[in-house]
There are 2 protein chains.
Amino acid sequence: MSMTDTLRLTQTVQKGGCAAKVSATELRQILGQVKFPPQKSDILVDGSLMDDAAIIKINSELALVQTIDFFTPIVDSPYLFGQIASANALSDVYAMGGTPQTTMAVLAFPLTVFSQKVIADVLQGACDKIAEAGATLVGGHSIDDDTLKFGLSVTGYVHPDRVWSNAKAQVGDHLILTKAIGTGTATAALKRSEVTESEIKAELDSMAQLNKVIHLFNSDELSAVHAATDITGFGLSGHLVQMARACDKKFVLSFSKIPKFENTFKFLEAGFLTKAHRTNADYVRSEIEVGQLSNVQQQLLFDPQTSGGLLLAVHPSQSASMVEKLKLTFPFTSIIGEVKTASDKRLEVSL
Amino acid sequence: MSMTDTLRLTQTVQKGGCAAKVSATELRQILGQVKFPPQKSDILVDGSLMDDAAIIKINSELALVQTIDFFTPIVDSPYLFGQIASANALSDVYAMGGTPQTTMAVLAFPLTVFSQKVIADVLQGACDKIAEAGATLVGGHSIDDDTLKFGLSVTGYVHPDRVWSNAKAQVGDHLILTKAIGTGTATAALKRSEVTESEIKAELDSMAQLNKVIHLFNSDELSAVHAATDITGFGLSGHLVQMARACDKKFVLSFSKIPKFENTFKFLEAGFLTKAHRTNADYVRSEIEVGQLSNVQQQLLFDPQTSGGLLLAVHPSQSASMVEKLKLTFPFTSIIGEVKTASDKRLEVSL
């Protein structure tokens, strides 16, 4: 057995997964200094409302959905890392109501540290998820780098009139979340060698699961989806505040309804946190009202997700049937709150 | 003046630009172990022939051209690095006969090393080149990383019947190269602090120049373009061998016709080489015949280009008028050789 066969990927990097994301605050400060190219009329959605992906209209029946995502290992198994990184990148297309079509690989790795087999396994995990999504791999770019990074640039198709923006939630909509929260603290525990991959299997399976839901719904249900996003690095609170801002609404959550993994509170109480827990808290501090929540409970809101679930704002007439269908493939699915008219806070969480 | 104002980008990384590319040989060995998703009928060109970008057919009049490229700094000025990285990524769309439409940024940088201004300058260089290309920036992904990396995922449009593949060069075609060779050795000299940016201005200007040529030609000239590629990390020899393989032809070059910068031989003679000079030589060794060329002359063939020129295989009836037009914006443009029937070697270079 060579050195690289026993190498744990998470021990080769300082920060893993969406926790390695540049904070939203810092990114805004940088982007505020840049003069962007003039936007064109065929761009229906760009980055200005912090949407998950851009929408580019091709004709009256077809638009492109484009997104890119990549990160350092959050798990030790190369195949699993490839699966999760790909599910995470593909998710932004699903979050816009699109179907992934083509992907290109973003790959950086230290040639001298990893065997070719490790890299091939990462790519195989990716290819298997891309195939499951019904998409193809059409290219990519690889560089010799100090730490492993992997992800995908993804292009999907969507009907231009059926885009799930994050700006159109309506007062009274139910907020459906399809996956449990808690992958951030679980992967922090793994990185610190406090748990093994088998002890956090539920979290790993969840991260590897594609957010492929659109085929589950009938046309009434699809019309009931007013807005959608996926929950990733900015945590449940960060992505909900972004959506509430984009819609100019207030979101009200019932904390007890937020699905979490069996381990989640144990890990949060043990203090398995990342830098992103803090930056995610900073990001929403002035716009969130957490009332009676304990510090540990608040950390659940700030927990950075990698390949987290979809958050759908849905007309209340359809939410029950949609949850029932979703539960067959996404057992943690829950209505966690609803949309209210805007007030001084964007997000209110009660026990 | 803060630390970061005096930071030279090239001194923050070990390997810069296309020289940091994973070698073609290694990449092939890794990809050979991976089972890829099933290809779909709408994919007209994928990575199997080492083309510059993928082509995805949307309808009888429109296809997408998709590519991704990113790397570590090869120059010290952040704005210039953003320009060069973007011109390099956009080039793959031009090399397929396409026009760039949308871009997404690939950004990795150490939050603690660089000021926000440095990153904003990189992005501004990118945005200015994207605007010059008539494209837009629709998104991106940034991570906290040990070294700066920047690049773009690019989608362009092309008519499906007017794609410049690299597989269709015909016997008798003239091989036109639009930019001088020598950026690899020049940036190696810069990295070793043997020269300043002002001493290699010709090389830097060349790397920042967009490979936008299609609008220069009339329809007869456009029809005369049988195959095209851009010359990047694998060097002139590597990209020519790839194209000759794809076409199943032999390419014959006249060494004296290959355009180079004023400094190029001086730098090569001084031994300003990169790891890629060696891997590029290894890559083509069995398929190239260099006859009387000295070792230094051979290094010119292996010099890894960043944002190098286009190589067009063109029917001889149109090559003279095309060179004349190209020279107005690409003064180094030259007919460097021609296409012959296949024999035991893919590339022959005579003095």
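Note that the structure is a prediction, hence the values are computed from the model and not measured.

Conventions used here
Residues numbered from 1 in each chain as written. Chains lettered and ligands numbered in written order. Predicted model: local features only at pLDDT ≥ 70, side-chain atom pairs only at ≥ 80, totals over all residues. Heavy atoms only, no water. Bend = angle between axes of the 7 residues up to and from the residue. Helix = DSSP H or I, 4+ residues; strand = E, 2+ residues; numbered from the N terminus. Buried < 20%, exposed > 50% of the residue type's maximum accessible area, 1.4 Å probe, protein only. Contact = heavy atoms within 4.5 Å. Least-squares fit on C-alpha atoms with pLDDT ≥ 70 in both. pLDDT = per-residue confidence, 0-100. Phe/Tyr/Trp six-rings, centres within 6.5 Å; stacked < 30°, edge-to-face > 60°. Lys NZ or Arg CZ within 6 Å of the ring centre and 35° of its normal. Pairing = 2+ DSSP bridges. Axes fitted to C-alpha atoms, helices over the stretch in contact; angles between N-to-C directions. Parallel < 35°, antiparallel > 145°, perpendicular 65-115°, else oblique. Left-handed = near helix turned anticlockwise from the far one by under 90°. Nonpolar A, V, L, I, M, F, W, Y, C, P; charged D, E, K, R; others polar. Buried area = accessible area lost by both parts, 1.4 Å probe. Salt bridge = Lys/Arg side-chain N within 4 Å of Asp/Glu carboxyl O. Polar contact = N/O pair within 3.5 Å; in protein donor to acceptor, adjacent residues only side chain to side chain.

Participant: Help me understand helix α11 (residues 316-329) of chain B, please; the structure alone is not making it clear to me.
Facilitator: The periodicity of an α-helix, 3.6 residues per turn, causes residues three or four positions apart to be oriented the same way. Residues and elements named next belong to chain B. Its maximal kink placed at Met322, α11 deviates by approximately 25°. Within the span of α11, buried status applies to Gln318, Ser319, Met322, Val323 and Leu326. On its buried side, α11 packs onto β7 (174-177), α6 (219-224), β8 (225-230), β11 (310-314) and β12 (334-341).

Participant: Sorry, what's going on with the relation of the copies chain A and chain B here?
Facilitator: Here two copies of a chain appear, and what relates them is a rotation about an axis with a shift along it. By a simple turn and slide, chain A fits onto chain B: the slide is 0.0 Å along the axis, the RMSD is 0.0 Å, and the turn is 180°. As the rotation angle and translation indicate, the two copies are arranged about a two-fold axis.

Participant: Is there a simple way to think about the confidence of the model for chain A in this case?
Facilitator: In regions of low pLDDT, the predicted coordinates are not meant to be interpreted in detail. Mean pLDDT over chain A stands at 92; residues scoring 70 or higher make up 94%. For this predicted complex, the interface confidence score (ipTM) comes to 0.88, while the overall pTM stands at 0.91.

Participant: I keep staring at the packing of aromatic side chains and nothing clicks. Help me out?
Facilitator: Any pair of aromatic rings gets described here by the distance separating the centres and the angle formed by the planes. Applying the stated rule across the entire model yields 10 aromatic pairs over all chains. Between Phe255(B) and Phe265(B) the ring centres are 6.2 Å apart and the planes differ by 45°, which places this aromatic pair in the tilted class. Placement of Phe255(B) in the loop between β9 (249-254) and α8 (264-269) and of Phe265(B) in helix α8 is noted, with a sequence separation of 10 residues between them. Lying over the aromatic face of Phe255(A), Lys260(A) brings its terminal NZ or CZ to 5.6 Å of the ring centre.

Participant: I keep staring at the pairing of β12(B) and nothing clicks. Help me out?
Facilitator: Both faces of the sheet carry side chains from a regular strand, because those side chains alternate between them. All names here are of chain B. In the sheet, β7 pairs with β12 via four bridges, with the strands oriented antiparallel. Residue pairing in the sheet places His174 in a bridge with Glu338 of β12. Pairing of β9 with β12 involves five bridges; the strand directions are antiparallel. The partner of Phe251 across the bridge, within β12, is Val339.

Participant: Explain the side chain of Thr10(A) to me, please; I cannot follow it from the model alone.
Facilitator: Along the chain, Thr10(A) falls in the segment before α1 (24-31). Those residues within four positions of Thr10(A) in sequence are excluded, and the remaining contacts are Pro73(A), Ile74(A), Val75(A), Asp76(A), Leu190(A) and Lys191(A).

Participant: Help me out: how do you make sense of the sheet that holds strand β3 (residues 62-71) of chain A in this one?
Facilitator: Remark on secondary structure: sheet strands pair via backbone hydrogen bonds, oriented parallel or antiparallel. All names here are of chain A. Read from one edge of the open sheet, six strands run β1-β2-β3-β6-β4-β5, paired in mixed fashion. The open sheet terminates on both sides in strands that have one partner only, identified here as β1 (43-45) and β5 (136-144). For this sheet the average axis-to-axis angle between neighbouring strands, irrespective of direction, equals 20°. Strand direction decides the pairing type here: β1 and strand β2 (residues 54-59), joined by two bridges, are antiparallel. In the strand pairing of β2, Ile43 is matched with Ile56. Contacts from helix α2 (residues 78-94) reach β3, β4 (99-109) and β6 (149-158), with the element oriented near 145° to β3.

Participant: What should I look at first to understand the packing of helix α7 (residues 235-247) of chain A against helix α9 (residues 275-284) of chain A in this one?
Facilitator: In a packed pair of helices, the relevant descriptors are the angle between the two axes and the axis-to-axis distance. Residue and element names in this part refer to chain A. Two numbers describe how α7 lies on α9: the axes approach to 9 Å, and their chain directions differ by 25°. Considering their axes alone, α7 and α9 lie roughly parallel with respect to each other. The element α7 and its partner α9 pack so that their crossing is left-handed. In this structure, α7 uses Gly235, Ser237, Gly238, Val241, Gln242 and Arg245 to contact α9, whose residues at the interface are Asn280, Tyr283 and Val284. Partitioned by chemical class, the residues of the contact of α7 with α9 number three nonpolar, five polar and one charged.

Participant: Hey, could you run me through the interface of chain A and chain B in this one?
Facilitator: The extent of an interface is frequently quoted as the accessible surface area lost upon association of the parts. At the interface, 70 residues of chain A touch 70 residues of chain B. Interface area, chain A with chain B, both sides summed: about 5,800 Å², of which 62% is carbon and sulfur. Where chain A packs against chain B, one counts two salt bridges. For Lys149(A), the salt bridge is made with Asp145(B), and the minimal N-O distance between the two is 2.8 Å. Where chain A packs against chain B, one counts 18 residue pairs in polar contact (both at pLDDT 80 or more). When residues of the side of chain A that touches chain B are traced back to their parent elements, those giving at least two are α1, β2, β3, β4, α3 (116-132), β5 and β6 of chain A. Considering every element that reaches the side of chain A that touches chain B, the biggest residue donor is α3(A), with nine residues. Class assignment for the residues of the side of chain A that touches chain B results in 35 nonpolar, 20 polar and 15 charged.

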